[in-house]
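# Residue-level structure breakdown
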2 protein chains.
Amino acid sequence: MSHARFAINIHILTILANTGKGEMVGMVWVSSEFIAGSIDINPVLVRKEISHLRKAGLVDSKEGKNGGSALAKPASKIFLSDVYKSVYEKPVLGNVKNHSNAQCPIAQQINEHLEVLYQSAEDAILEKLGCTTLQQFSDKFH
Amino acid sequence: MSHARFAINIHILTILANTGKGEMVGMVWVSSEFIAGSIDINPVLVRKEISHLRKAGLVDSKEGKNGGSALAKPASKIFLSDVYKSVYEKPVLGNVKNHSNAQCPIAQQINEHLEVLYQSAEDAILEKLGCTTLQQFSDKFH
DNA sequence: TGTACTGTAATAAATATAATTACAGTATGA
DNA sequence: TCATACTGTAATTATATTTATTACAGTACA
């Protein structure tokens, strides 16, 4: 999928985090249409992303009239690394799809060596994103 | 460009690092056709990537018959973070292209907050890749 | 001077991403 | 109980990005 999915998901979650807080209603169901309007993308895309977030246990949704979505747990218990994981599709460094029917001895081994390297890059990202909670991130908005 | 550029560039450099060493000729010019055959991509793409590597000062090329490319400095002085930089186009977490004409207060601020976050992810990747030299990476091949 | 390269532009083909349309299913409340 | 306002999801189309290919001028060598 998109190269902007992480940003879109953070945006969705930030809205949900701030809506609960801002409205003081405890449980506010936010519609995909409202979120899509804020991000300026199609509501169907928002619902697809929310579907991932729901599977990751970060969001709950309610069908029917007055339905929508809300955080499934406190923003202070959602780490940005959780979001990264729910969005994950490809390594941050890109695909390791190199080759290869070649006779070249490097071609034969490079994929496994690249995979080790790529995994360490993933670990570094997860560690970095694990330092921040959605609460901390959304507290920056005023 | 591609999501596989980093892997392609590492592959190119690994071939150059190993060729010099393996052949014991000091300066071996490797053709784009040979490299392309190893990676199993088009030679023109290889030449484009080499053009970036050359601009980054990592590779030298020689035109004309028996021409080709070679490392511009010892593999022990090329860090994988240098390669990352020469390939860089977009943040590892993707584009921050969100929105937004919306009235939503979150939409108004999210880009700047995402950019700070994305920058810290870039820093983490650079730090990780800065721990390994091309020499260390290509020593894994035997 | 023919050959084997690089460098680069232009174009086409393939693939990936995003928007849109459509519609069945569900909860609400008038 | 029925109109309304949502979700969930599939299918299709539009758009953008990536990759391969073609073409050819320029360069060095033997």
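Residues numbered from 1 in each chain as written. Chains lettered and ligands numbered in written order. Predicted model: local features only at pLDDT ≥ 70, side-chain atom pairs only at ≥ 80, totals over all residues.

### Looking at the overall build of chain A
For chain A, the count of helices and strands is 6 helices and 2 strands. For chain A, the succession of helices and strands along the chain, N to C, is α-α-α-β-β-α-α-α. Here chain A, with 142 residues, has 39% of them falling under the buried criterion. The long-range share in chain A, meaning contacts at least 24 apart out of those at least 6 apart in sequence, stands at 67%. (Helix = DSSP H or I, 4+ residues; strand = E, 2+ residues; numbered from the N terminus. Buried ≥ 20, exposed ≤ 12 C-beta atoms within 10 Å, placed from the backbone. Contact = placed C-beta atoms within 7 Å.)

### Concerning the packing of helix H2 (residues 32-39) of chain B against helix H3 (residues 43-55) of chain B
Residue and element names in this part refer to chain B. The contact between H2 and H3 brings their axes to 8 Å, and the two run at 110°. Here H2 is positioned roughly perpendicular relative to H3, judged by the angle of their axes. Contacts between H2 and H3 involve Ser32, Glu33, Ile35 and Ala36 on the former and, on the latter, Pro43, Val46, Arg47 and Ile50. When the residues that make up the contact of H2 with H3 are grouped by side-chain class, the tally is 5 nonpolar, 1 polar and 2 charged. (Axes fitted to C-alpha atoms, helices over the stretch in contact; angles between N-to-C directions. Parallel < 35°, antiparallel > 145°, perpendicular 65-115°, else oblique. Nonpolar A, V, L, I, M, F, W, Y, C, P; charged D, E, K, R; others polar.)

### Section: the packing of helix H4 (residues 80-87) of chain B against helix H5 (residues 105-129) of chain B
All names here are of chain B. At a minimum axis separation of 7 Å, H4 and H5 run at an interaxial angle of 135°. Classified by the angle their axes make, H4 and H5 are oblique. For the pair formed by H4 and H5, the contact residues are Leu80, Ser81 and Tyr84 on the first element and Ile125, Leu126 and Leu129 on the second. The residue inventory of the contact of H4 with H5, partitioned by class, reads 5 nonpolar, 1 polar and no charged.

### A word on the interface of chain A and chain B
Listed as interface residues are 43 residues of chain A and, on the opposing side, 43 residues of chain B. Of the residues forming the side of chain A that touches chain B, the biggest block, 12 residues, is contributed by helix H5 (residues 105-129) of chain A.

### Topic: H4(B)
Note: α-helices contain 3.6 residues per turn, so residues at a spacing of three or four share the same orientation. Taking burial as the measure, the 8 residues of H4(B) include 6 buried ones, the bulk of the element. Among all positions in H4(B), only Leu80(B), Asp82(B), Val83(B), Tyr84(B), Ser86(B) and Val87(B) are buried.

### Quick notes on the relation of the copies chain A and chain B
For the match of chain A to chain B, the screw axis carries a shift of 0.0 Å, the RMSD comes to 0.0 Å, and the turn is 180°. These values place the two chain copies in the arrangement generated by a two-fold rotation axis. When C-alpha positions in chain A are compared against the rotation axis, the closest is assigned to Val92(A), at 2.6 Å. A shared binding surface is used by both copies, with 100% of the interface residues of chain A retained as interface residues in chain B. (Least-squares fit on C-alpha atoms with pLDDT ≥ 70 in both.)

### Quick notes on the pairing of strand E2 (residues 68-71) of chain A
Residue and element names in this part refer to chain A. Inspection of the sheet shows strand E1 (residues 59-62) paired to E2 by 4 bridges, in the antiparallel sense. Bridge assignment links Val59 to a residue of E2, and that residue is Leu71. Taken together, E1 and the strand that follows it, E2, pair antiparallel across an intervening segment of 5 residues, in which Gly64 is found at a positive phi of about 80°. (Pairing = 2+ DSSP bridges.)

### Brief notes about the nonpolar core
Among the nonpolar cores identified, the biggest contains 79 residues, and Ile12(A), Leu13(A), Ile125(A), Ile12(B), Leu13(B) and Ile125(B) are the most heavily contacted of them. Those residues in contact with Leu13(B) that lie beyond four places of it in its chain are Leu58(B), Ile78(B), Val83(B) and Leu134(B). (Core = buried A, V, L, I, M, F, W, Y, C linked by C-beta atoms within 7 Å.)

### Observations regarding unusual backbone geometry
Residues and elements named next belong to chain A. With phi around 70°, Asp40 is a residue other than glycine that occupies positive phi space. Along the polypeptide, Asp40 turns up in the loop between helix H2 (32-39) and helix H3 (43-55). Positive phi is not limited to glycine here, since Asn66 has a value of about 60°.

### Details of H5(A)
Taking 1.5 Å of rise per residue, the 25 residues of H5(A) would be expected to cover 36 Å, and the 37 Å separating its terminal C-alpha atoms lies within 8% of that figure. For H5(A), every residue scored as buried is listed here: Ile106(A), Ala107(A), Ile110(A), Leu114(A), Leu117(A), Ala121(A), Ala124(A), Ile125(A), Lys128(A) and Leu129(A). (Expected span 1.5 Å × (residues − 1).)

### Examining the confidence of the model for chain A
When pLDDT is averaged across chain A, the result is 88; 88% of the residues are at 70 or more. In this model, residues 21-25 of chain A is a region of pLDDT below 50 whose contacts with residues beyond four sequence positions or in other chains number 1 contact. (pLDDT = per-residue confidence, 0-100.)

### Overview of the environment of Asp82(A)
By the secondary structure assignment, Asp82(A) is in helix H4 (residues 80-87). Considering only alpha carbons, one finds Asp82(A) and Phe137(A), 55 residues apart in sequence, at a separation of 13 Å.

### With respect to the environment of Pro91(B)
Residue and element names in this part refer to chain B. Note on placement: Pro91 falls in the loop between H4 and H5. By the C-beta count within 10 Å, which is 20 here, Pro91 ends up buried. Sequence separation of Pro91 and His113 is 22 residues, and the distance between their C-alpha atoms is 14 Å. What Pro91 contacts, discounting residues up to four positions off in sequence, is Tyr118, Ala121 and Glu122.

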